[in-house]
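Fold and contact review
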Amino acid sequence: MWLNKLEEKFGKYAIPNLPKIIVLLYAIGFVLERLNPNMYEMLALNPYWVLHGQVWRIITFLLIAPSSNLIFIIFVLLFYYSIGSSLEQVWGSFRFNMYYFIGVLGTILGAFLTYAVLHFSQGDIAASAVYMDTFYLNMTMFLAYAMMFPDMQVYLYMIVPIRVKWLAYLDGIYLLYIFLSSGITAYGISVKVSVIAAMLNFLLFFFSMRRIRNRGASFARKAAAKKKMVKGSSSFAKKKDGAMHECAVCHRTELDDPTLEFRYCSKCNGDYEYCQDHLFTHKHVKK
């Protein structure tokens, strides 16, 4: 699987705690926008101005906060940090890095493609109205979270319990509404392209994670068969190379990577231990 191959080669370059950095950038952007209400126009991704010398926009659009309301931004940033940290814990730092940065790259490519089409069809005036940020990328990040934790409950207004999967359906409906209602102006087209780029990124990882689960199930079945052959096996059975912990899917131990965390799965029949990358993605073993 392409993610595994990339992680083998470049995993050591992954940025740990990336959700914290993302939230910090938004907080900085919020402060800048409070100081100067025109900051969005100065920082947002606009290919016209990038090509006219304002190259900082390729980076600074990551500072655009999802809201200009102080109370709402606190709630949103805490929420973003929560779902981002959960995804990083389940996927691992490298896969979360890939999800976010591929989404960012897709947004940049979409912006320049939109600019090129409008430039040749309607001229610079229309093309200069292309503005993009990471708002829709963050919305699809919630879809990824719901994919991993569909039955997780959150409390609406801190009172009404609701499952994450139902909020994901609303999120998807809202994205569809935005896509259909954004119009065919230059800005509307840029919104459509932003939504498409974010959704393509989500679908890419959605199907990739499905393959990871299928592969994990195969490894889990093999691990189950192996354990059945060992008489008197228990949670204290000897692990590979004398390690104390061993993942039933990838068979890594704390000797392979001291930063790995291991947990037993309460839904598996037997003493099956999994690393942080496979705790939520394996198929439960039923004897």
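All chains use their own residue numbering, which begins from 1 and follows the written sequence. Where totals are concerned, whole chains, interfaces and linings use all residues; where local detail is concerned, this predicted model gives features only for residues with pLDDT of at least 70, and gives and counts side-chain atom pairs only at 80 or more. With hydrogens and water set aside, each side-chain value is computed from the structure's full complement of heavy atoms.

This part takes up the overall build of the protein. Elements are defined by DSSP. Helices are runs of H or I of four residues or more, strands are runs of E of two residues or more, and each kind is numbered from the N terminus. Scanning the protein from N- to C-terminus turns up 11 helices and four strands. Exposure is judged per residue with a 1.4 Å probe applied to protein chains only, and the accessible area is read against the type maximum: over 50% gives exposed, under 20% gives buried, and values in between give partly exposed. The buried share of the protein, reckoned over its 287 residues, is 43%.

Before going further, it helps to examine the confidence of the model for the protein. Across the protein, the average pLDDT comes to 82, with 86% of residues at 70 or higher. The predictor attaches a confidence to each residue, called pLDDT, with possible values from 0 through 100. Pairs of residues are marked as contacts when any of their non-hydrogen atoms sit within 4.5 Å. Below pLDDT 50 for its whole length, residues 211-237 participates in 28 contacts with residues either more than four positions away or in separate chains.

Ranked by size, the top nonpolar core spans 57 residues in total, and within it Leu87, Trp91, Tyr99, Tyr100 and Tyr136 carry the most contacts. Mapped by element, the contributors of at least two residues to this core are α2 (18-35), α4 (47-50), α6 (70-91), α7 (93-122), α8 (124-127), α9 (135-148), α10 (164-181) and α11 (186-228). Apart from residues no more than four positions distant in its own chain, Tyr100 is found in contact with Leu18, Ile22, Tyr26, Leu62, Thr134, Leu137 and Met141. Residues belong to a common nonpolar core when they are buried Ala, Val, Leu, Ile, Met, Phe, Trp, Tyr or Cys residues joined through side-chain atoms within 4.5 Å. The next biggest cluster of nonpolar side chains, apart from the first, holds 12 residues, and it includes Val249, Cys268, Tyr274 and Leu279.

This part covers unusual backbone geometry. Backbone geometry at Asn17 places phi at a positive 55 degrees, although glycine is not the residue there. Along the chain, the position of Asn17 falls in the loop between α1 (2-10) and α2. On the basis of relative accessibility, which here comes to 44%, the residue Asn17 falls in the partly exposed class. Phi is positive for His251, which is not a glycine, with a value near 65 degrees. Turning to its location among the elements, His251 is positioned in the loop between α11 and β3 (262-264).

Looking now at the packing of aromatic side chains. Between the rings of Phe, Tyr and Trp (Trp by its six-membered ring), a pair exists once the centres lie within 6.5 Å; its type follows the angle of the planes, with under 30 degrees stacked, over 60 edge-to-face, and the other angles tilted. In the structure shown here, the tally under the stated rule is 15 aromatic pairs. Measuring from centroid to centroid gives 5.1 Å for Tyr99 and Phe205, while their planes differ by 70 degrees, and the two rings are edge-to-face. One end of the pair, Tyr99, is in helix α7; the other, Phe205, is in helix α11, and 106 residues separate them in sequence. Given the relative accessible area of 0%, Tyr99 is considered buried. An angle of 40 degrees between the planes, with centres 5.8 Å apart, marks the rings of Phe202 and Phe206 as tilted. One end of the pair, Phe202, and the other, Phe206, are both in helix α11, four residues apart, so they sit about a helical turn from each other. Put simply, the rings of Phe72, Phe75, Phe79, Phe142, Tyr145 and Phe149 pair up and form one aromatic cluster. The cationic tip of Lys192 hangs over the ring face of Phe179; the distance from NZ or CZ to the ring centre is 4.8 Å. Charge-over-ring placement is defined geometrically: NZ (Lys) or CZ (Arg) within 6 Å of the ring centre, and within 35 degrees of the ring normal.

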